[in-house]
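Read off the chains here:
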Amino acid sequence: MMFGSRNRKETAECNRPLPLLSEMEYDTSMWFLDVAEERAKKAGVSFQIYLEWAIHVLLASMSSDCASRIFLPKTETGPFEPEDLFPFSAVPPDDRKIVSIARSYVIAPIWHNAMSYQAVEELTARQFTEADAGDEVMGEYISDLNLAVVTADPHEIYFSRFWGHGAALLNVHTLDSLEQVVSTDGENWYVKEADGSETYCQVLEPRMAVLYTLALRKAALGQRKPPVLENSLTVLSSK
């Protein structure tokens, strides 16, 4: 039997495991997309397709983990802290508005069994609408990503999203404002302070660092349309 030679460089670039569908680790995710960009240029296709796909995968992955208790930080014993996901407090919000939960990607890690039971029972009895949003700020919203990060009443918001309705008053952030202050290398979040100095904190959720980097990369290409969420959850109707 004759064995043909194999281009080792091509093998290294094309046949490695797909990082975004496994651990979504920062360096290998960036490596995958760098190779994808080079191949897109050679093939004459849009690199934006890869970015859109990767952004959707990351948003869907973090959203789906909210009920599995594997979301980081661990949520077995206490509520979710948004600063462990992203340094939101470093940047004042651009706006504050009522956001439709049904049409957004939602990170609302649920951590308490009794609160989950109660939320299901209340939502079965009635549907929450925008009129029920109230004037309490429930979390943060990155408009360019259509991503709501819920910190108050996560159980109610999570199950409202599952039922396909509901709304919440959120602090609104844009990538333009965030980019002026926050950067990441996948290991740390770096914050540019008002006096010109820089502080940092550890990245605890690698997927968020990858997502933020890709969102900025997409914006640099002039593509700022937020991702559309369609048919990603089964809408249940109570009787």
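As a reminder, the structure under discussion sits directly above these lines.
An account of the accompanying structure is given in this report. Computed from a predicted structure; not experimentally measured. (Residues numbered from 1 in each chain as written. Predicted model: local features only at pLDDT ≥ 70, side-chain atom pairs only at ≥ 80, totals over all residues. Heavy atoms only, no water.)

**Thoughts on the pattern of salt bridges**
Tallying each qualifying case throughout the model produces six salt bridges. Here Glu-37 ties to Arg-217 by a salt bridge, and the two come within 2.8 Å at their closest N and O atoms. Of this pair, Glu-37 sits in helix α2 (residues 26–43) while Arg-217 is found in helix α7 (residues 206–220), placing the two residues 180 residues apart along the sequence. For Glu-37, a relative accessible area of 22% puts it in the partly exposed group. The partner of Arg-207 in a salt bridge is Glu-205, and the shortest N-O contact between them spans 2.9 Å. Take Arg-207: its relative accessible area is 8%, and that puts it in the buried class. According to the relative accessible area criterion, Glu-205 is buried, its value standing at 4%. Among the charged side chains, a salt-bridge network with shared partners connects Asp-34, Glu-37 and Arg-217. (Salt bridge = Lys/Arg side-chain N within 4 Å of Asp/Glu carboxyl O. Helix = DSSP H or I, 4+ residues; strand = E, 2+ residues; numbered from the N terminus. Buried < 20%, exposed > 50% of the residue type's maximum accessible area, 1.4 Å probe, protein only.)

**Section: the pairing of strand β7 (residues 188–192)**
For β7, a buried count of four out of five residues is recorded, marking the element as mostly surrounded by other parts of the structure. Relative to β7, strand β6 (residues 182–184) runs antiparallel, the two sharing three bridges. Looking across to β7, one finds that Thr-184 is bridged to Trp-189. Joining the antiparallel neighbours β6 and β7 is a turn of three residues, in which Gly-186 adopts a positive phi near 95°. Judged from the five bridges that link them, β7 and strand β8 (residues 198–202) form a sheet pairing that is antiparallel. What sits directly across from Trp-189, in β8, is Cys-201. With antiparallel pairing between neighbouring strands as the criterion, β7 and β8 make up a hairpin whose turn holds five residues, including Gly-196 at a positive phi of roughly 95°. (Pairing = 2+ DSSP bridges.)

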